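Examination of the molecular architecture
Residue strings, one per chain:
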Amino acid sequence: MNIATHPFDALMEITARPAVVFVRGEGSLLWDDSGKRYLDFVQGWAVNCLGHSPPAVAEALAAQSKLLLTPSPAFYNAPSLKLAKALVEQSCFDQVFFANSGAEANEGAIKLARKYGALRKGGAHEIITFEGGFHGRTLATMSASGKKAFEPLFEPKVSGFPKAQWNDIASVKRLISDKTIGVMLEPIQGEAGVWPATDQFLGELRALTKAHRLLLIVDEIQTGMGRTGKLFHYEHAGIEPDIMTLGKGIGGGVPLAALLATEAASCFEHGDQGGTFNGNPLMCAAGLAVLEHVAEPDFLKSVTDAGLYLESELQRISARHGLGEVRGRGLLLALDLKIPIAASVVALAFEDGVLLNAPRPDTLRFMPALNVSRAEIALMIECLDAILAKIGAARRVA
Ligand SMILES: *Cc1c(COP(=O)(O)O)cnc(C)c1O
């Protein structure tokens, strides 16, 4: 028998993690087991849209846990019916399938598109995706992703995902054939370093896919649920996609995701799709509590305002330290540092009690709670400013 000698040893080592254990969170704050407090601009990777342990979600979970946890996906339950109806009312879609993770929702979107191709388009099955894209870590979603680091892994991949270039409509056109059934993209490429699709590109994609009878699939796992100041990012571009996936923010911190489709695209038949925990009442109750808050026009306006404030403060810092551009929308922003110091900045910020994320060696990403206060943004900026000054001084000496 192997006995783990270190408290961390019994967990599979899947990424480098700081050697602290987080025990409590509240809003934009997080505490570790030594009592140290952190200001959190990662928020579970853009998950905790209402901050850590928001009372609305905690209360919904507590109340639902005493009523009904799981009747089985073969029976209806009230929270999933209510949440599906609310999502349909708030979007351009007609039907919802709930999942437990973003990758699972995307896997469902891929299956739905292939089913559509089998039924309505002579077996067409290819889905055009993009260089730099990220859609999850199942085999099909890794194959759909355009992440360079995934390329050598877990061969052979799932076939049928030709890659186009970002914001380049001609590169999409070149890949269309009679095997094509859809185009799938993140409105802002998040994991790649916050690279927005232009509203013009989204409009062109909608026109192109319509003209070729292709499905337009938006992966709004990171951009949806108010993150960019609209409930769903596609609204910015004034388009209506055929399929959308949601994850991360939709559960406000608990594992919930969703696949949404228009009536025309919603073509699963019995036996095509399912899952033991899918649409369980406990997670859907949390989702309802989240949606009730996030869909409020005043709340979305406050996200836009907070985003503009964070953006202008990042631009100020960038000018002061001679850094690059600020990218993104709402509260999904990136700062281009121009040199590969992002990991050092993240490590120094961690020491100072501020949690930041570096999606690339030269890029910082900011994905705070959607209800982050101006004072919290100002505190983070103050910390970042001091760290950049310190690194700048050290580089000038060296
Ligand atoms: C996080 C993410 C996923 C994967 O979601 P998981 O819940 O980690 O499976 C897929 N697409 C995008 C755009 C994401 O940001």
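Residues numbered from 1 in each chain as written. Predicted model: local features only at pLDDT ≥ 70, side-chain atom pairs only at ≥ 80, totals over all residues. Heavy atoms only, no water.

1. Here's the deal with the overall build of the protein chain
Each helix and strand in the protein chain was counted, giving 11 helices and 17 strands. In terms of C-alpha radius of gyration, the protein chain reaches 21 Å, essentially the compact-globule figure of 21 Å for 398 residues. Expressed along its principal axes, the backbone C-alpha trace of the protein chain runs to roughly 65 × 55 × 55 Å. Residue burial in the protein chain is summarised as follows: out of 398 residues, 53% are buried. A separation threshold of at least 6 residues defines the contact pool for the protein chain, and within that pool the share at least 24 residues apart is 70%. Summed over its atoms, the accessible surface of the protein chain is roughly 18,200 Å², and 56% of this surface lies on carbon and sulfur atoms. (Helix = DSSP H or I, 4+ residues; strand = E, 2+ residues; numbered from the N terminus. Rg over C-alpha atoms; globule rule 2.2 N^0.38 Å. Buried < 20%, exposed > 50% of the residue type's maximum accessible area, 1.4 Å probe, protein only. Contact = heavy atoms within 4.5 Å. Areas by Shrake-Rupley, 256 points an atom, 1.4 Å probe, with all protein chains shown as cover.)

2. Overview of the domain arrangement of the protein chain
Domain assignment breaks the protein chain into domain 1 (22-54 + 297-397) and domain 2 (55-294). Distance between the C-alpha centres of domain 1 and domain 2: 27 Å. The interface is formed by 28 residues belonging to domain 1 together with 31 residues belonging to domain 2. Of the roughly 2,400 Å² buried between domain 1 and domain 2 on both sides combined, carbon and sulfur atoms contribute 60%. Across the domain 1-domain 2 interface, the total number found is 2 salt bridges. For Glu-191, the salt bridge is made with Arg-365, and the minimal N-O distance between the two is 3.1 Å. At the boundary of domain 1 with domain 2, the tally comes to 12 residue pairs in polar contact (both at pLDDT 80 or more). Residue assignment for the side of domain 1 that touches domain 2 shows that the elements contributing at least two residues are α1 (43-46), α9 (297-321), β13 (326-329), β14 (332-336), β16 (357-360) and β17 (363-366). Ranked by residues supplied to the side of domain 1 that touches domain 2, first place goes to α9 with 4 residues. A per-class count over the side of domain 1 that touches domain 2 returns 17 nonpolar, 6 polar and 5 charged. (Domains from an automatic or database assignment. Buried area = accessible area lost by both parts, 1.4 Å probe. Salt bridge = Lys/Arg side-chain N within 4 Å of Asp/Glu carboxyl O. Polar contact = N/O pair within 3.5 Å; in protein donor to acceptor, adjacent residues only side chain to side chain. Nonpolar A, V, L, I, M, F, W, Y, C, P; charged D, E, K, R; others polar.)

3. Comments concerning the pairing of strand β10 (residues 215-219)
Among the 5 residues that make up β10, 5 are buried, leaving the element largely enclosed by the rest of the structure. As paired strands, strand β7 (residues 180-185) and β10 are joined by 4 bridges and run parallel to one another. By the bridge assignment for β10, Met-184 is matched with Ile-217. Summarising the sheet, β10 and strand β11 (residues 243-246) pair through 3 bridges and their orientation is parallel. Note on β11: the bridge partner recorded for Val-218 is Met-244. (Pairing = 2+ DSSP bridges.)

4. Describing a nonpolar patch on the surface
There is a patch of nonpolar side chains on the surface, built from Phe-8, Val-21 and Val-23 and spanning about 240 Å² of accessible area. Among the secondary structure elements, Val-21 is positioned in the segment before β1 (22-26). Its relative accessible area of 35% is what places Val-21 among the partly exposed residues. (Patch = residues over 30% accessible without salt bridge, like charges linked within 9 Å, V, L, I, M, F, W, Y side chains within 5 Å.)

5. Considering the side chain of Thr-363
The residue Thr-363 is located in strand β17 in this model. A polar side-chain atom of Thr-363 sits 2.9 Å from a polar atom in the side chain of Asp-362. With residues up to four places along the chain from it excluded, the contact list for Thr-363 reads Gly-193, Arg-327, Ala-334, Leu-335, Leu-337, Ala-342, Asn-357 and Ala-358.

6. Describing the pairing of β11
The two faces of β11 match: Ile-243 and Thr-245 on one face and Met-244 and Leu-246 on the other face are all buried. Note that β11 and strand β12 (residues 257-261) share 4 bridges and pair antiparallel. Bridged to Leu-246 within β12 is Ala-258.

7. Some thoughts on the UniProt feature "modified residue: N6-(pyridoxal phosphate)lysine" (unreviewed entry) in the protein chain
Here, the residues flagged by UniProt with the feature "modified residue: N6-(pyridoxal phosphate)lysine" (unreviewed entry) are Lys-248. Residue placement: Lys-248 occurs in the loop between β11 and β12. The residues touching Lys-248, leaving out its near neighbours within four places in the chain, are Trp-45, Ala-46, Val-47, Glu-191, Ile-221, Gln-222 and Leu-256. (UniProt positions renumbered as here; feature names shortened; annotations may be inferred.)

8. Digging into the pattern of salt bridges
With the rule as written, the count across this model stands at 16 salt bridges. Across the salt bridge formed by Asp-272 and Lys-115, the nearest N and O atoms sit 3.0 Å from each other. Of this pair, Asp-272 sits in the loop between β12 and α8 (281-294) while Lys-115 sits in helix α4 (residues 102-120); the two residues are 157 residues apart in sequence, bridging distant segments of the chain. For Asp-272, a relative accessible area of 23% corresponds to the partly exposed category. In this structure, the salt-bridge partner of Arg-206 is Asp-242, at a minimum N-O distance of 3.0 Å. With a gap of 36 residues between them, Arg-206 in helix α7 (residues 199-211) and Asp-242 in the loop between β10 and β11 connect regions that are remote in the sequence. No difference in accessibility class separates Arg-206 from Asp-242, as the two residues are buried.

9. Some thoughts on the site of the ligand
As a matter of local geometry, the ligand sits amid Ser-101, Gly-102, Ala-103, Asn-106, Phe-134, His-135, Gly-136, Glu-186, Asp-219, Ile-221, Gln-222 and Lys-248. Measuring from an oxygen atom of the ligand, one finds a backbone N or O atom of Ala-103 at 2.7 Å. For the ligand, a nitrogen atom lies 3.4 Å from a polar atom in the backbone of Phe-134. Relative to its unbound accessible area of 390 Å², the ligand is 82% covered by the protein chains. (Near = heavy atom within 4 Å.)

10. Describing the environment of Glu-292
Examined against the element boundaries, Glu-292 turns out to sit in helix α8. Residue Glu-292 is classed as exposed on the basis of its relative accessible area of 57%. For the pair Glu-292 and Ala-56, spaced 236 residues apart in sequence, the C-alpha to C-alpha distance is 9.5 Å.

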